[in-house]
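Remarks on the overall topology
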There are 2 protein chains.
Amino acid sequence: GIGADNDLYINQAIVFIEDAIQYRSINHRVDSKSLWLYRWYYSRTCQWILSLTITIILALAFIEKPSSLTVTSDVRYRLPAWNPPCGLTESIELLCFLVFVVDVSVKSYLVGWEEFWKNKWLMAYILTLIVSLTDWIVSLSFFCAENVRIRRILRPFFLLQNSSMMKKTLKSINSTLPEMASVVLLLAVHLSLFTMFAMLLFARTKDGQQDKEWVVYFRNLPDSLTSLLVLLTTANNPDVMIPAYSKNRAYSMFFILFTVLGNLFLMNLLTAIIYNQFRGYLLKSVQSSLFRRRLGIRAAFEVLSSLKEAPANAQQSYVSVGALQQVLQKVAMDSRCKQAIMRSLKTCSCDQLSAAQFQKLFEELDKDAVKQHPPSPEYQSRFMQKMQFAFGHPYFGYLGNVVALANIVSICVVLVLDADKQPSERDDFFLGAINCFFILYYLLEMVLKILAMGLKRYLSYPSNRFDGLLTVILMVLEIATFAVYGFPHPGWRPEFMGLLSLWDMVRLVNMLIVFRFLRIIPNMKFMALVVTTLLDLVKNLRAFAGILVVVFYAFAITGIMLFEGAVVPMGNTSVGPMNSWSIGRTTLMTLLSKCLSRKADFVTLFGHFETEIIYCLLYLLSINLICRWAKIYFVAWWLISSVIWVNLFVALLLENFIHKWDRRCHRESLSDIEYQRTVELMFRDVLEEPTEEELMEKLHQHPHLQLCR
Amino acid sequence: GIGADNDLYINQAIVFIEDAIQYRSINHRVDSKSLWLYRWYYSRTCQWILSLTITIILALAFIEKPSSLTVTSDVRYRLPAWNPPCGLTESIELLCFLVFVVDVSVKSYLVGWEEFWKNKWLMAYILTLIVSLTDWIVSLSFFCAENVRIRRILRPFFLLQNSSMMKKTLKSINSTLPEMASVVLLLAVHLSLFTMFAMLLFARTKDGQQDKEWVVYFRNLPDSLTSLLVLLTTANNPDVMIPAYSKNRAYSMFFILFTVLGNLFLMNLLTAIIYNQFRGYLLKSVQSSLFRRRLGIRAAFEVLSSLKEAPANAQQSYVSVGALQQVLQKVAMDSRCKQAIMRSLKTCSCDQLSAAQFQKLFEELDKDAVKQHPPSPEYQSRFMQKMQFAFGHPYFGYLGNVVALANIVSICVVLVLDADKQPSERDDFFLGAINCFFILYYLLEMVLKILAMGLKRYLSYPSNRFDGLLTVILMVLEIATFAVYGFPHPGWRPEFMGLLSLWDMVRLVNMLIVFRFLRIIPNMKFMALVVTTLLDLVKNLRAFAGILVVVFYAFAITGIMLFEGAVVPMGNTSVGPMNSWSIGRTTLMTLLSKCLSRKADFVTLFGHFETEIIYCLLYLLSINLICRWAKIYFVAWWLISSVIWVNLFVALLLENFIHKWDRRCHRESLSDIEYQRTVELMFRDVLEEPTEEELMEKLHQHPHLQLCR
């Protein structure tokens, strides 16, 4: 009936608008039941369950059999890690797989049969699930005794396929690959030509004393290649040329030429290429997001205009304001946007909306959220008004900064004075008394500011929230100290009591005070710019970080398979920085800690670039513990994690910073207002609006939606 | 009289046009005698003498007293360097100073009194000369026994002031300094906050076993600061965290946070800032060059239009074609440009030129030089025509590349086979025979190509010149080998004869063959692009390199003064890579070799970045040989040579590459024609032409030229 039809149209419009908000594709089934399923699938609960499942399946690696989740990384002190019984992790895995099976079925059903065959990601998803389940069955039938577990390498795929931003980024990276490959090829040519040169230049001589260079670095082709490859990473930079250089200074020209060409030119060329290529592709992907949003809105308009209640207008389609209000009430969207749209709908006097008006209404979605701080309280008494003026003034904040700086300086002085004292000689009185005074000042400052600005306004500034939180924590710590150890007095050196020693308490307080000093950031213009750029970068980097997790995970698991048992124990004789090398068994997450860098965790690997990897590479190559395959593994690792990823990061940083910097000049006056920037907003000035024809053509290609006209 | 006036005008026009060609300022005296002096000063001979003088005074450092121009850098084998007698270098210096005095007087006279006071460079030049001469007198009165020689630090100034491009670049760098300083300040804040954190975190504990981290890296404030500064350069990256990490894995978070914030964010931010700032300033400086050129041309037009022979036209000024031809004949300029201008002057039917026409004529100067290759010879006989077709075809070139590759592969195979053989076991027959064959082929290829293309056309391609030169050298070497050692036969192992042993000859031939393989570059599109970018970069980098030389020189001389005698000998016991550390006296150019990096020469320092400096820093800091001032010296050195210069280089590379890359797409079809690009041409698309008003306003501000109207 007409009522049912109208309900369907309303529901379709709701879903299309939600699609537009989330930048989702609208190419899904649009019948009533599918729409219900679609909204259920994209509901918060469902998506949260899916994310949780992905997190769980990825985290499994930390407790699975070759695991090393221990406090210390030093094998001499380390307790054996807990090994879960066979079947525990496997049953958790099965549960995860079941969730994924549901996920892929719903997704496949919703896109429809025809679209399914075009969607490579979905097919890969199904394939991955089939392989994983098969591997799981094999694993169980061996009672968890087999070592090669393909499904572990495939796990990061589940993370990848769930994020559209990551898929987009991967596409961008993929399109940059040919150019990158060219530079890498160039590097390879550079390396091989110089290797031949080196072998000819540093050949074996009849005089055994003269050919140190040959003995150590250029004995044969693989050695020479390795020496120069490591030189390319600058890890053995002075050492490799010393023997030849001692003989004749002119030999250094060879190494300098190699380093300048390879490191300075070719490596930076890689940066330039990645920056150049990536710039365009990021813009393109943002452009396609915009297209999806406009398409969703337009689709909602088209279905609403087919509502039977509206008078059939042959020339142009219209949407009644009432229908839109009905839709808006049911749409799940940011309440600020919803209110803004409702408001402009009310101010609009017409009761019919054309396509352009409809589109314009939803432009609110693209706008920056401008944060309004609540007003200060208005006091009646003159005294309070004066107080408010004095303590609400920026100068009071500056005074606070000066006091914080004084505190830092005093801590620094005490640290320098106490540096060489024995712990037993240390007198905590001075620092205790001083910190007590400063913390009282901080408390006073907070109270006065709240008085002047009102609690709501005070809390609406992030810097105040940061400040206040730390002040409260400091106060609590100080009170706890006094409660346990009494008030400070000269010769205040109490024994250990309670959870933490007095010394530890004081240290903790000091660390918090140092941390609190960061409140000066918003007061320094350039610092504030840098920090906001960094924060933006972190936002935009999420997709990259995700891909990095995927790569790291796959590398770690591959490494375990390749090197399980390959590193033999060398006893506990080595000391100092080498002690984490002397290891017994190659265990899951410590694989990379032992074979690749000297630290252990998967988690800690994120901070580790070039140097460690090369240190390790050098070490491993020098002790000849590993075979040629391992060499290839490490070179691949170096290329991906150190060269390519760092360059991608630099490209993104350049992009972000230059945009920000250019905009800073325009918006100097608006600097008080905090903008919430995303990658979409960053490019807004250069984005092109899709034309009506493009939108309509795309709408007519929709596989499930039949438009009346 | 009128004739004398006309002559003056003609001469003025000549000088103005020459100014325009060389992008010089036209603000100099314009009377007859000054013009003669001006042309003499800017004549090739004079400028060549000046350059030579600058080279000589800079090169003096290599032979002056604390010098180390020896073959080996190993102090155990090194002969004492030659010490010139007192008065030798000093008298050369005096000669140079006299040339500079003449230079500065001429320059000062030519710009005129008023301009002189505005020109800071000239004043600094005079000041430098006065200080240098005073220092020179002091030095002689001490009979060269004094150590502090200020004039040596000032020497690079002479290089700096002589190059307008370097002055411009310095100005650009100067304008970037505030931004850079902000980031460096940020780095300092980052460093000091983390240092305080570290000192609180890794404090001394009562249990002596537990505080390894404190003992080694964070004993007191200077130690902690140094540890973290070195961590910022990634030199001690894994080592510094190992003791703490062994205790508890969570400590690694501190180091990771520090590295990610400092290295990944702040350091790359520096790149971004330098790129962003520098981009604009480079464009600006090119824009001002263009303005100078247009101004020079306009000035020539104005003086020529005041010639009495021309009919006084009240409305608009004109220049007669005859006068321009007269001027052009006397102007020193590129003959290609001159011919092109003459040609277009003839095709222009008018005999009066307006300002716009005049300006347009000289646009030839801005155009790329399009290289035309001479035509191939035309043969009469069918056979020769077929030959020409076959050997002039690109496929013949490809065949040559394939043969060169085969040669490389064969050398590589022999190298791998011979890698572990004793020199006495080595049989040179195989390589000798093979190389003989290949060199014959190369010779044949060259002859056939010359036959097909004609000698002139053959030589007009740089790749052919490269190819031919190497082939001729190879042939000469081969003939020499055969002449000395006879033809190769199995068991060909002759004893040492003549200048080089057979083995050295063969090695030399092989190296040249590897080098010759570079001829494939123009055949690979991407490689060709990269190589042309690199060549452009080298062109544009000259100014940077000059500034780098200035900085290096000043640093080296300062270092000598600071550390003369500060490094004490440690005996000859150390071996291996440390042997160049064990030194007796600190001598001039080896100062940096001993104190800063383990290599010796000023010359070799250009290739040395980050790693060596930090290696050295670490080493010096660890052995506590140097005082706090030295620490500051090294940190300054690291900041300038490694951080700032490398970032400037990256900025320039990004700029160059992105421009080139964008243009590549436009000019795909024209790739056969070789363009000669300079930094001016790179930006042509974005440059703005100066307006007539701007030019005339500037002309009327000329201090010496009185225009009639």
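Reading the values: rules and limits
Residues numbered from 1 in each chain as written. Chains lettered and ligands numbered in written order. Predicted model: local features only at pLDDT ≥ 70, side-chain atom pairs only at ≥ 80, totals over all residues. Heavy atoms only, no water. UniProt positions renumbered as here; feature names shortened; annotations may be inferred. Helix = DSSP H or I, 4+ residues; strand = E, 2+ residues; numbered from the N terminus. Buried < 20%, exposed > 50% of the residue type's maximum accessible area, 1.4 Å probe, protein only. Contact = heavy atoms within 4.5 Å. Areas by Shrake-Rupley, 256 points an atom, 1.4 Å probe, with all protein chains shown as cover. Patch = residues over 30% accessible without salt bridge, like charges linked within 9 Å, V, L, I, M, F, W, Y side chains within 5 Å. Salt bridge = Lys/Arg side-chain N within 4 Å of Asp/Glu carboxyl O. Lys, Arg positive; Asp, Glu negative; His and termini not counted. Charge placed at Lys NZ, Arg CZ, Asp CG, Glu CD. Axes fitted to C-alpha atoms, helices over the stretch in contact; angles between N-to-C directions. Parallel < 35°, antiparallel > 145°, perpendicular 65-115°, else oblique. Left-handed = near helix turned anticlockwise from the far one by under 90°. Nonpolar A, V, L, I, M, F, W, Y, C, P; charged D, E, K, R; others polar. Phe/Tyr/Trp six-rings, centres within 6.5 Å; stacked < 30°, edge-to-face > 60°. Lys NZ or Arg CZ within 6 Å of the ring centre and 35° of its normal. Polar contact = N/O pair within 3.5 Å; in protein donor to acceptor, adjacent residues only side chain to side chain. Expected span 1.5 Å × (residues − 1). pLDDT = per-residue confidence, 0-100.

As recorded in an unreviewed UniProt entry, chain A goes by the name Two pore channel protein 2, listed as coming from Thinocorus orbignyianus. Looking at chain A in UniProt, the text filed under Sequence similarities (unreviewed entry) is "Belongs to the calcium channel alpha-1 subunit (TC 1.A.1.11) family. Two pore calcium channel subfamily."

This part covers the overall build of chain A. Within chain A, the secondary structure is distributed over 28 helices and two strands. Within chain A, the proportion of its 709 residues that are buried is 52%. For chain A, restricting intrachain contacts to residue pairs at least 6 apart in sequence, the fraction spanning at least 24 positions comes to 74%. Carbon together with sulfur atoms contributes 65% to the accessible area of chain A, which is approximately 33100 Å² in total.

Negative charge collects at one region of the surface, where Glu688(A), Glu693(A), Glu694(A) and Glu697(A) lie side by side. With respect to the secondary-structure elements, Glu693(A) resides in helix H28 (residues 692-700).

For the structure shown, the criterion picks out 32 salt bridges over all chains. Residue Arg519(A) pairs with Asp467(A) through a salt bridge whose shortest N-O separation is 2.8 Å. Here Asp467(A) lies in helix H21 (residues 462-485) and Arg519(A) lies in the loop between helix H22 (502-516) and helix H23 (525-563), a separation of 52 residues in the sequence. Across the pair, Asp467(A) and Arg519(A) agree in class, each one buried. The partner of Arg298(B) in a salt bridge is Glu302(B), with the nearest N and O atoms 3.1 Å apart. In this pair, Arg298(B) and Glu302(B) are both assigned in helix H13 (residues 252-305), four residues apart and thus about one turn of the helix distant. Considered together, Arg298(B) and Glu302(B) belong to a single accessibility category, that of buried residues. Look at the salt bridges and you will find they share partners, linking Glu90(A), Glu93(A), Asp135(A), Arg151(A) and Arg155(A) into a network.

Residues and elements named next belong to chain A. Relative orientation of the contacting elements helix H18 (residues 394-418) and H22 amounts to 140 degrees, with a least axis distance of 10 Å. Taken together, the axes of H18 and H22 are oblique relative to one another. Every pair of crossing elements has a handedness; the one defined by H18 and H22 is left-handed. In this structure, H18 contributes Ala-404, Asn-407, Ile-408 and Ile-411 to the contact, and H22 contributes Asn-510, Ile-513, Val-514 and Arg-516. Taken together, the residues of the contact of H18 with H22 sort by class into five nonpolar, two polar and one charged.

For Asp135(A), the location among the structural elements is in helix H6 (residues 120-141). Using a relative accessible area of 8% as the deciding quantity, one classes Asp135(A) as buried.

On the surface, Trp48(A), Ile49(A), Leu52(A) and Ile56(A) cluster together into a nonpolar patch covering about 390 Å² of accessible area. With respect to the helices, strands and loops of the structure, Ile56(A) is situated in helix H3 (residues 44-63).

Next up on the list: the packing of aromatic side chains. Under the counting rule described, the total for this entry stands at 52 aromatic pairs over all chains. Ring centres of Tyr275(A) and Tyr275(B) lie 5.9 Å apart, and the angle between their planes is 85 degrees; on these two criteria the pair is classed as edge-to-face. Here Tyr275(A), found in helix H13 (residues 252-305), pairs with Tyr275(B), found in helix H13, and the two come from separate chains. Note on Tyr275(A): relative accessible area 3%, which makes it buried. A network of ring pairs unites the aromatic residues Phe97(A), Phe100(A), Trp121(A), Tyr125(A), Phe157(A) and Phe158(A) as a single cluster. One Lys or Arg, Arg24(A), reaches over the ring of Tyr42(A) and ends 3.9 Å from the middle of that ring.

Here we come to the side chain of Asp19(A). Residues and elements named next belong to chain A. With respect to the helices and strands, Asp-19 occurs in helix H1 (residues 2-22). A polar contact is formed between the side chain of Asp-19 and the side chain of Tyr-38, at a distance of 2.8 Å. What Asp-19 contacts, discounting residues up to four positions off in sequence, is Arg-24, Ser-25, Ile-26, His-28 and Tyr-38.

Moving on, we come to unusual backbone geometry. Residue and element names in this part refer to chain A. Of note, the phi angle at Tyr-23 is positive, near 60 degrees, even though the residue is not glycine. By secondary structure assignment, the location of Tyr-23 is in the loop between H1 and helix H2 (32-41). Residue classification places Tyr-23 among the partly exposed positions, given a relative accessible area of 23%.

Below, the discussion takes up the packing of H18(A) against helix H19 (residues 429-453) of chain A. All names here are of chain A. H19 packs onto H18 with a crossing angle of 165 degrees between their chain directions and a minimal axis gap of 11 Å. Viewed along their axes, H18 and H19 adopt a mutual orientation that is roughly antiparallel. In the packing of H18 onto H19, the handedness of the crossing is left-handed. Taking contact as the criterion, the partners of Phe-396, Gly-397, Leu-399, Gly-400, Val-403, Ala-404, Ala-406, Asn-407, Ser-410, Ile-411 and Val-414 in H18 are, on H19, Phe-430, Leu-431, Ile-434, Asn-435, Phe-438, Tyr-441, Tyr-442, Glu-445, Leu-448 and Lys-449. Residues belonging to the contact of H18 with H19 are distributed by class as follows: 14 nonpolar, five polar and two charged.

The next point concerns the environment of Leu261(A). Residue and element names in this part refer to chain A. Turning to its location among the elements, Leu-261 is positioned in helix H13. The exposure class assigned to Leu-261 is partly exposed, which follows from its relative accessible area of 31%. Separated by 40 residues in sequence, Leu-261 and Phe-301 have C-alpha atoms that sit 59 Å apart. Excluding its chain neighbours within four sequence positions, the residues that come into contact with Leu-261 are His-190, Phe-194 and Leu-266.

To continue, consider H3(A). The terminal C-alpha atoms of H3(A) lie 29 Å apart, and with 20 residues this matches the ideal 28 Å at 1.5 Å per residue to within 8%. Taken as a whole, H3(A) has its buried residues at Cys46(A), Leu50(A), Thr53(A), Ile54(A), Ile57(A), Leu58(A), Leu60(A), Ala61(A) and Phe62(A).

Residue and element names in this part refer to chain A. Per-residue pLDDT for chain A has a mean of 75; in total, 76% of the residues score no lower than 70. Counted against residues more than four places away or in other chains, residues 565-626, with its pLDDT under 50, gives 168 contacts. As a predicted assembly, this complex carries a pTM of 0.75 together with an ipTM value of 0.76.

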